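# Commentary on secondary and tertiary structure
So the chains spell out like this:
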Amino acid sequence: MNKRSLVSIDDISREEIIDLLRRAQYFEANPTHKLLDGKVVATLFFEPSTRTRLSFETAVNRLGGRVIGFSDAATSSSSKGETLKDTIKMVSNYVDLIIMRHYLEGAARYATEVTDVPIINAGDGANQHPSQTLLDLYSIYKTQGTLYDLNITMVGDLKYGRTVHSLLMAMKYFRPTFHFVACDELRMPSQYKELCDSCGIKYYEHHDFSADVIGAADILYMTRVQRERFSDLLEYERVKNLYTLRRSMLEGSKPNLRVLHPLPRVNEIDQDVDESEKAYYFEQARGGLFARQAIICRALGIDTPTLTTSIES
Ligand code: CP
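Attention here is on the structure that accompanies the text. (Residues numbered from 1 in each chain as written. Predicted model: local features only at pLDDT ≥ 70, side-chain atom pairs only at ≥ 80, totals over all residues. Heavy atoms only, no water.)

## Digging into helix α10 (residues 281-299)
Helix length check: α10, at 19 residues, gives a terminal C-alpha distance of 26 Å against a target of 27 Å (1.5 Å per residue), a fit within 8%. One or two residues past the end of α10 sits G301, with phi positive at roughly 70 degrees. (Helix = DSSP H or I, 4+ residues; strand = E, 2+ residues; numbered from the N terminus. Expected span 1.5 Å × (residues − 1).)

## Digging into the nonpolar core
If you look at the biggest cluster of nonpolar residues, it comprises 62 residues, and the most contacted ones within it are M154 and I296. Residues from two domains meet in this core; each of domain 1 (9-128 + 288-299) and domain 2 (130-285) gives at least three. Residues in contact with I296, not counting those within four places in the same chain, are L36, F56, A59, V60, L63, L97, I99 and I120. In terms of nonpolar packing, the next biggest core, distinct from the first, is built from 26 residues, V155, L220, M222 and L250 among them. (Core = buried A, V, L, I, M, F, W, Y, C linked by side-chain atoms within 4.5 Å. Buried < 20%, exposed > 50% of the residue type's maximum accessible area, 1.4 Å probe, protein only. Domains from an automatic or database assignment. Contact = heavy atoms within 4.5 Å.)

## Examining the site of the ligand
As a structural note, the neighbourhood of the ligand is formed by S49, T50, R51, T52, R101, H129, Q132, P262 and L263. A distance of 3.0 Å is found between a nitrogen atom of the ligand and a side-chain nitrogen or oxygen belonging to Q132. For the ligand, whose unbound accessible area comes to 260 Å², protein coverage reaches 91%. At a threshold of 2 Å from the grid points, most atoms of the ligand map onto the largest pocket. Class assignment of the residues belonging to the shell around the ligand gives a composition of two nonpolar, five polar and two charged. Structurally, the shell around the ligand is a two-domain feature, drawing no fewer than three residues from each of domain 1 (9-128 + 288-299) and domain 2 (130-285). (Near = heavy atom within 4 Å. Polar contact = N/O pair within 3.5 Å; in protein donor to acceptor, adjacent residues only side chain to side chain. Areas by Shrake-Rupley, 256 points an atom, 1.4 Å probe, with all protein chains shown as cover. 1 Å grid on protein atoms, 1.4 Å probe; cavity = no way out; pocket = protein on both sides within 12 Å on 5 of 7 lines; lining within 4 Å. Sits in = over half its atoms within 2 Å of the grid points. Nonpolar A, V, L, I, M, F, W, Y, C, P; charged D, E, K, R; others polar.)

## Considerations on the environment of D149
With respect to the helices and strands, D149 occurs in the loop between α5 (130-144) and β5 (151-155). Put simply, D149 and A294 are 145 residues apart on the chain and 25 Å apart in space, counted from C-alpha to C-alpha. Those residues in contact with D149 that lie beyond four places of it in its chain are F174, R175 and D218. Engagement of the side chain of D149 in a polar contact is seen with the side chain of R175, the distance being 2.8 Å.

## Considering the sheet that holds strand β8 (residues 219-222)
Strand order in the open sheet formed by five strands is β7-β6-β5-β8-β9, with parallel pairing between adjacent strands. Pairing within the sheet leaves two strands with one partner each, and these edge strands are β7 (202-206) and β9 (258-260). Going across the sheet, the axis of each strand differs from the next one's by a mean of 20 degrees, ignoring polarity. Alignment of β5 against β8, held across four bridges, turns out to be parallel. Across the sheet, residue T153 finds its bridge partner in β8, namely L220. (Pairing = 2+ DSSP bridges. Axes fitted to C-alpha atoms, helices over the stretch in contact; angles between N-to-C directions.)

## Regarding empty space enclosed by the protein
Think of a ball as big as a water molecule: rolled over the atoms, this probe shows where empty space is left. This model, assessed by the stated rule, comprises two cavities of 30 Å³ or more. Taken as a whole, the largest cavity holds about 60 Å³ of empty space. Considered class by class, the residues forming the lining of the largest cavity number four nonpolar, three polar and three charged. Considered as a void within the structure, the second largest cavity measures approximately 50 Å³ in volume. (Points joined across faces, edges and corners; volume = space filled by probe spheres on them.)

## Topic: the packing of aromatic side chains
One pass over the structure, following the stated rule, counts 10 aromatic pairs. With 5.2 Å between their ring centres and 90 degrees between their planes, F46 and F70 make a pair best called edge-to-face. One end of the pair, F46, is in the loop between β1 (40-45) and α2 (51-62); the other, F70, is in strand β2 (residues 66-70), with 24 residues separating them in the sequence. For the pair shown, F46 and F70 are each scored as buried. Ring centres of Y281 and F282 lie 5.1 Å apart, and the angle between their planes is 65 degrees; this geometry places the pair in the edge-to-face category. Taken together through their ring pairs, the aromatic side chains of Y148, Y173 and F174 make up a single cluster. Positioned above the aromatic ring of F56 is the side chain of R292, whose terminal nitrogen or guanidinium carbon lies 5.0 Å from the ring centre. (Phe/Tyr/Trp six-rings, centres within 6.5 Å; stacked < 30°, edge-to-face > 60°. Lys NZ or Arg CZ within 6 Å of the ring centre and 35° of its normal.)

In structure tokens, the structure reads:
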């Protein structure tokens, strides 16, 4: 595996996370920087995406590189039966970096085993979404002024939600207290709760999305119930509308509370929340561009300036 690949958030240390966030700060202040002159990056999306693919591609363009790839696997030779191994080996002949999203858990890890080109995992099934986590951390830091000692409430599809899995793993460095709000079918998987136990992180599980839970939160991380992950669509129908955040539910919440969501949303955040000063999900997605510029430069071994702001406190 190329050591510059980013497959799981566990591939990078706390220090590297902080360093990437500082570089993201730099790119927010200086988004157009021709650091990738002559580099070609592939975006291979075997699953649909709006934000992740477009922000990665914008990041490459802003950095002066070029992009090839596909946004729909049906237009690639995988639709003719070409294996993932062969696709990765072929694309590796053409590019300096592969950014891939795949519906199978472990697909990005597997890709690192068949190429020396660095791989960035842009989401593998219900497993991991590390670049999303970097932009989530960036949003948390920007809105709270710290990453430490925060009450983080995760709501919705905690079973299949790769964004909450990655975020939980990254937050282990920053002494969080978690609240998990989900129905029995979509509870946080035991492996992530065991990770909390082993790191001494407190977590509380709730069925009710109550005023008390919202009132204690610094970050309310809403998630979509992901229809595409269910083998039983009747089960999806049963659970899809259980948790919806409405603006009135934010009354009495902490002044510093911010609502995050990796997006896309369906109905788990009512549109009336959008006008609240506590809604931060569109700014969160904007920050994805800067976080991904930093991630791409790391993957290509390109040093970038940082701002002097500390993210340590
Ligand atoms: N947050 C996220 O992964 O969005 P997309 O599916 O649109 O890329």
